[in-house]
Amino acid sequence: VCSSDLNAFSKEEVVAFDQLLAGFEDALVLSNAVKVYRTDQTTMERTNDVIWRPQPYILPSYDGMDQTANFNNKTQLSVPSTIGFKKSVPWTMNALELRDALQEGRLFDSSKQRLATDINLAVNNIASYYGSLFVKRTAAATGFDDVAQCDAIMNEQGVPMDMRFAAYSTRDYNSMASDLQKASRSFGNQKSDTAYEKALIGRVSNFEVLKMDYTPRITAAAGSGVTINGNQYYVPAATSTASTGEVQNVDNRFMNLAITVTSGTVKVGDAFTIQNVNAVHHITKQDTGQPKTFRVTAIVSGAGGTGTIQITPPIISATGGSQAEIQYQNVTTQAATGATVTWLNTVAGYMNPFWRQEAIEILPGRYAIPTDAGVQVMRGTTSQGFDIVFTKFYDINTMITKYRVDTLFGVVATNTEMMGIEMFSQT
């Protein structure tokens, strides 16, 4: 803990803040499963808290000794990362309530739980709504086979096999644990014992499997008779040049897709496949034989009828033949006019996210709070770089002391094709 004047705080407050930091670290379950990128706060202020982070290169290979025609420029893609979450837990205590130090400690505990939940929830929402890989299960969660399908969709598209995580709703997770303890049923076996005693799964099919007490849900897709309106594909580009000559970075995680909806409406979060558009292995470019899955990330215009939706990932089919398309090709063919869109989230349910660690980044931020402006300030930094600030201010008019605990951070999906969701009991 550091402070300009620790004497301004009671011994109980200092102890409570130290305990808050320790407990805060323990509560950061999902944030410990993603990558942390620490920024220079002066630079972030000058760039409006936005920094562009590079995506991994994907390079093609060629046969033969003579490579004269293959020395081409390579396109480095990047994504914008923003420190945009400003979370605060404020409260007040009057001069009578301050006589009970225990009550003050409980408020500290509550603030810790709230802020840790906010950070975990931000990671969860990014993974749940931007994850483009979709695993559809027609029955309830059962165990190994469910996680193995997440492993399969990642492997066949070339996602590296290390540092994988999956987080399930409590009901789905406990169903998996139940299957495990029934399948083994020989006590003395560690997997069986922990599943039976603690409903704990641990590592399954190359994933570290986590249990969540809060999981976002999504309703069933409501648009019907949806088709593609015009031949469409995407050409990746590192930068774009405005009519004024200004060069800007391009966010290549998304594309606009023109569709026609016969009835109903399309909504953000819907998952779908496109007729005849298969996924390819990102490195070998081999057809996986499986339809590529996409997510709706925004409604640009017309959720019903003829309209445009924003989707992730973009449809990179190499149709145009550019080096950038060949380098980042992720599907077998373009989306053709009249091709049918098939929705995958057919029943309302939990979105259980899974991801590779580097697919999601957290960017801790830092407030510059003056320590000589009549407000007492204590601050500490967690091992992940989260800056936790505790401030208090006494109002002599009312004999009320104001407290607040704050943190500042950002979360970004650096690669939506290295993350996805699994849903159960889908028709």
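Residues numbered from 1 in each chain as written. Predicted model: local features only at pLDDT ≥ 70, side-chain atom pairs only at ≥ 80, totals over all residues. Heavy atoms only, no water.

### Re the overall build of the protein
So, point 1. Check the secondary structure of the protein and you find 7 helices and 27 strands.
So, point 2. If one aligns the C-alpha atoms of the protein with their principal axes, the spans along those axes are about 75 × 70 × 55 Å.
So, point 3. Put simply, the protein has 427 residues, and 47% of those count as buried.
So, point 4. A total accessible area of about 19,700 Å² is found for the protein, and carbon and sulfur atoms account for 51% of it.
So, point 5. Once the 34 positive and 40 negative side-chain charges of the protein are each reduced to a mean point, those two points are 3 Å apart. (Helix = DSSP H or I, 4+ residues; strand = E, 2+ residues; numbered from the N terminus. Buried < 20%, exposed > 50% of the residue type's maximum accessible area, 1.4 Å probe, protein only. Areas by Shrake-Rupley, 256 points an atom, 1.4 Å probe, with all protein chains shown as cover. Lys, Arg positive; Asp, Glu negative; His and termini not counted. Charge placed at Lys NZ, Arg CZ, Asp CG, Glu CD.)

### Notes on the packing of aromatic side chains
So, point 1. Within this structure, the stated rule accounts for 11 aromatic pairs.
So, point 2. Where phenylalanine 207 meets phenylalanine 354, the ring centres are 6.2 Å apart and the plane angle is 85°; that geometry is what we call edge-to-face. Remark: phenylalanine 354 occurs in strand β22 (residues 352–356) and phenylalanine 207 occurs in strand β9 (residues 207–212); sequence separation between them is 147 residues. Both residues of the pair, phenylalanine 207 and phenylalanine 354, count as buried.
So, point 3. Taking 5.9 Å as the distance between ring centres and 0° as the angle between the ring planes, the aromatic pair formed by phenylalanine 390 and tyrosine 403 counts as stacked. (Phe/Tyr/Trp six-rings, centres within 6.5 Å; stacked < 30°, edge-to-face > 60°.)

### Remarks on the environment of arginine 114
So, point 1. Relative to the helices and strands, arginine 114 resides in helix α3 (residues 101–130).
So, point 2. Note: C-alpha distance between arginine 114 and threonine 260 (146 residues apart in sequence) is 43 Å.

### Here we look at the sheet that holds strand β20 (residues 341–343)
So, point 1. The strand order across the open sheet built from 6 strands is β11-β14-β19-β18-β15-β20, with neighbouring strands paired in antiparallel fashion. Edge positions in the open sheet fall to β11 (227–228) and β20, since each of these has one partner strand only.
So, point 2. Of the pairings in the sheet, the one linking strand β18 (residues 294–301) to strand β19 (residues 305–312) comprises 5 bridges and is antiparallel in character. Within the sheet, the bridge partner assigned to isoleucine 299 lies in β19 and is isoleucine 309. (Pairing = 2+ DSSP bridges.)

### Quick look at the side chain of threonine 293
So, point 1. Relative to the elements of secondary structure, threonine 293 occurs in the loop between β17 (287–291) and β18.
So, point 2. A distance of 2.7 Å separates a polar side-chain atom of threonine 293 from the backbone oxygen of serine 132.
So, point 3. Looking at threonine 293, its side chain comes within polar contact range of the main-chain nitrogen of phenylalanine 134, at 3.2 Å.
So, point 4. Residue contacts for threonine 293: discarding those within four places in its chain leaves Ser132, Leu133, Phe134, Phe272, Thr273, Pro313 and Leu344. (Polar contact = N/O pair within 3.5 Å; in protein donor to acceptor, adjacent residues only side chain to side chain. Contact = heavy atoms within 4.5 Å.)

### Description of the nonpolar core
So, point 1. With 60 residues, the main nonpolar core has Tyr168, Phe354, Trp355 and Ile360 as its most contacted residues.
So, point 2. When residues of this core are assigned to their parent elements, the largest contribution, 8 residues, is made by α3.
So, point 3. Discounting residues that sit within four places of it in the chain, isoleucine 360 has contacts with Val34, Lys35, Val123, Ile126, Ala127, Trp355, Val411, Val412, Thr414 and Met419.
So, point 4. Counting residues in hydrophobic clusters, the runner-up holds 26 residues, among them Ile274, Val277, Ala335 and Ala339. (Core = buried A, V, L, I, M, F, W, Y, C linked by side-chain atoms within 4.5 Å.)

### Focus: the sheet that holds β22
Two orientations exist for strands paired in a sheet by backbone hydrogen bonds: parallel and antiparallel.
So, point 1. Strand order in the open sheet formed by 6 strands is β6-β27-β22-β7-β9-β8, with mixed pairing between adjacent strands. Both outer strands of the open sheet, β6 (133–136) and β8 (202–204), are each paired with one neighbouring strand and no more. Ignoring strand direction, the axes of neighbouring strands in this sheet form an average angle of 25°.
So, point 2. Helix-sheet contacts for helix α4 (residues 144–156) involve β6, β7 (164–169), β8, β9, β22 and β27 (419–423), and the interaxial angle to β6 is about 150°. (Axes fitted to C-alpha atoms, helices over the stretch in contact; angles between N-to-C directions.)

### Considerations on the side chain of asparagine 124
So, point 1. Secondary-structure assignment places asparagine 124 in helix α3.
So, point 2. Residue classification places asparagine 124 among the buried residues on the basis of a relative accessible area of 1%.

### What about the pattern of salt bridges?
So, point 1. One pass over the full model with this rule turns up 15 salt bridges.
So, point 2. One salt bridge in this structure joins aspartate 387 and arginine 379, with 2.5 Å as the shortest N-O distance.
So, point 3. By relative accessible area, which is 3% here, aspartate 387 ends up buried.
So, point 4. Taking relative accessible area as the criterion, arginine 379 reaches 9% and is therefore assigned buried. (Salt bridge = Lys/Arg side-chain N within 4 Å of Asp/Glu carboxyl O.)

### Details of α4
So, point 1. With 13 residues, α4 extends 18 Å from end C-alpha to end C-alpha; this agrees with the ideal 18 Å at 1.5 Å per step.
So, point 2. Along α4, the residues classified as buried are Asp146, Val147, Ala148, Cys150, Asp151, Ile153 and Met154.
So, point 3. Positioned one or two residues after α4, glycine 158 has a phi angle of 85°, which is positive. (Expected span 1.5 Å × (residues − 1).)

### Quick word on helix α1 (residues 11–27)
So, point 1. Compared with an ideal rise of 1.5 Å per residue, which puts 17 residues at 24 Å, α1 spans 24 Å between its outermost C-alpha atoms and is within 8% of the ideal.
So, point 2. Among the residues of α1, Glu13, Val14, Ala16, Phe17, Leu20, Leu21, Gly23 and Phe24 are the ones counted as buried.

### Comments concerning the environment of aspartate 387
So, point 1. Tracing the chain through its elements places aspartate 387 in strand β25 (residues 387–395).
So, point 2. Along the primary structure aspartate 387 and proline 364 are separated by 23 residues, whereas in three dimensions their C-alpha atoms are 7.1 Å apart.
So, point 3. If we skip the residues at most four places from it in the chain, aspartate 387 touches Gly365, Arg366, Tyr367, Arg379, Gly380, Thr381, Asp406, Thr407 and Leu408.
So, point 4. Within polar-contact distance, the side chain of aspartate 387 engages the side chain of arginine 379 at 2.5 Å.

### Some thoughts on the pairing of β19
So, point 1. Here strand β14 (residues 255–261) runs beside β19; their pairing, made up of 7 bridges, is antiparallel. The residue of β19 that forms the bridge with leucine 257 is isoleucine 309.
So, point 2. Between β18 and β19, which pair antiparallel one after the other, the connecting turn spans 3 residues, and glycine 302 there sits at a positive phi close to 60°.

### Some words on unusual backbone geometry
So, point 1. The omega torsion of the bond from threonine 312 to proline 313 falls at -5°, within 30 degrees of zero and hence cis.
So, point 2. Counting through the fold element by element, proline 313 comes out in the loop between β19 and α7 (323–328).
So, point 3. Its identity as a non-glycine residue notwithstanding, asparagine 206 has a phi of 75°, on the positive side.
So, point 4. By the element assignment, asparagine 206 lies in the loop between β8 and β9.

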